[in-house]
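# A closer look at the structure
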Amino acid sequence: MSKVLLVEDNPSQSELMKGYLREGGHTVIHINNAKEALNKALEHKPDVIVTDVVMPGMSGFELCRRIKNNPSTAKIPIIICSSKDQEIDRLWGMKQGADTYLTKPFSREQLVRAVNLAVV
């Protein structure tokens with residue numbers, strides 16, 4: 001069972017994702033903003049981080065960049081899960097250090113498979 005840090009500010013989206021991940025056998029730590037997620041990543045050392053892009057205060061892109069630039073969190077895989085579905089968004093996310101980029105809407109299977117592949 002892996003530990004997933006879920007960073008999602010939309011309550012209904014986060015509930016759906018938490019349910020999918022728990023059904024997939026994962027422990028979920030949910031945070032609704034990227035700034036707090038930085039601290040939680042250091043504190044909990046999750047096996048994978050799943051983050052939205054568009055959030056108040058700090059974007060998921062910036063979160064990704066900061067996580068990857070910190071030696072103590074740099075090896076944590078990051079999955080961006082966003083409604084931003086343009087190819088440039090995907091390329092930018094990967095350039096920031098994301099390991100996987102899922103676009104919303106996604107299926108339970110897509111999310112759980114991405115997390116399972118990231119923690120192998």
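Residues numbered from 1 in each chain as written. Predicted model: local features only at pLDDT ≥ 70, side-chain atom pairs only at ≥ 80, totals over all residues. Heavy atoms only, no water.

## Section: the sheet that holds strand 5 (residues 100-103)
Here five strands make up an open sheet; going across it, the order is 2-1-3-4-5 and the pairing parallel. Looking at the sheet topology across the chains shown, the edges are occupied by strand 2 (27-31) and strand 5. Mean inter-strand twist for the sheet, computed between neighbouring axes without regard to direction, equals 20 degrees. Inspection of the sheet shows strand 1 (residues 3-7) paired to strand 3 (residues 48-51) by four bridges, in the parallel sense. Its bridge partner being in strand 3, Leu-6 is matched across the sheet by Val-50. Together, strand 1, strand 3, strand 4 (78-82) and strand 5 form the strand contacts of helix 3 (residues 60-69), whose direction differs from that of strand 4 by roughly 175 degrees. (Pairing = 2+ DSSP bridges. Helix = DSSP H or I, 4+ residues; strand = E, 2+ residues; numbered from the N terminus. Axes fitted to C-alpha atoms, helices over the stretch in contact; angles between N-to-C directions. Contact = heavy atoms within 4.5 Å.)

## Side note on the pattern of salt bridges
This model, assessed by the stated rule, comprises nine salt bridges. The shortest N-O distance in the salt bridge between Arg-66 and Glu-62 comes to 2.7 Å. One end of the pair, Arg-66, and the other, Glu-62, are both in helix 3, four residues apart, so they sit about a helical turn from each other. You can call Arg-66 partly exposed: its relative accessible area is 41%. (Salt bridge = Lys/Arg side-chain N within 4 Å of Asp/Glu carboxyl O. Buried < 20%, exposed > 50% of the residue type's maximum accessible area, 1.4 Å probe, protein only.)

## Some remarks on the packing of helix 3 against helix 4 (residues 87-95)
It is the contact of helix 3 with helix 4, at a shortest axis distance of 9 Å, that shows an interaxial angle of 25 degrees. Relative to helix 4, the element helix 3 is oriented roughly parallel. Every residue of helix 4 that contacts helix 3 at Phe-61, Cys-64 and Arg-65 is listed here: Asp-89, Trp-92 and Gly-93. Partitioned by chemical class, the residues of the contact of helix 3 with helix 4 number three nonpolar, one polar and two charged. (Parallel < 35°, antiparallel > 145°, perpendicular 65-115°, else oblique. Nonpolar A, V, L, I, M, F, W, Y, C, P; charged D, E, K, R; others polar.)

## Thoughts on the packing of aromatic side chains
Applying the stated criterion across every chain yields a total of one aromatic pair. Here Tyr-20 and Phe-106 contribute two aromatic rings whose centre-to-centre distance is 6.4 Å and whose plane-to-plane angle is 75 degrees, an arrangement assigned as edge-to-face. Taken together, the residues Tyr-20 in helix 1 (residues 11-23) and Phe-106 in the loop between strand 5 and helix 5 (108-118) connect sequence positions 86 residues apart. The two residues Tyr-20 and Phe-106 agree in class, both being buried. (Phe/Tyr/Trp six-rings, centres within 6.5 Å; stacked < 30°, edge-to-face > 60°.)

## What to know about the nonpolar core
Ranked by internal contacts, the top residues of the largest apolar core, which has 21 residues, are Leu-5, Val-7, Ile-49, Leu-63, Ile-67 and Ile-80. Every element with two or more residues in this core is listed here: strand 1, strand 2, helix 2 (34-44), helix 3 and strand 4. Those residues in contact with Ile-49 that lie beyond four places of it in its chain are Leu-5, Val-7, Ala-41, Ile-67, Ile-76, Pro-77, Ile-78 and Ile-79. Among the nonpolar cores identified, the runner-up in size contains 16 residues, and Leu-6, Val-50, Phe-106 and Val-115 belong to it. (Core = buried A, V, L, I, M, F, W, Y, C linked by side-chain atoms within 4.5 Å.)

## Here's the deal with helix 2
What sets the pattern is the α-helix's 3.6 residues per turn: residues three or four places apart point alike. Within the span of helix 2, buried status applies to Ala-34, Ala-37, Leu-38 and Ala-41. Down the axis of helix 2, the buried set is contained in an arc of 110 degrees. They therefore lie on one face. Within helix 2, the exposed residues directed more than 90 degrees away from the buried face are Lys-35, Asn-39 and Glu-43. Where helix 2 begins, one side-chain oxygen reaches toward the backbone nitrogen of Lys-35, 3.3 Å away; that side chain belongs to Asn-33. (Arc of directions from axis to C-beta. Polar contact = N/O pair within 3.5 Å; in protein donor to acceptor, adjacent residues only side chain to side chain.)

As far as function goes, none of this settles anything; it's purely spatial.
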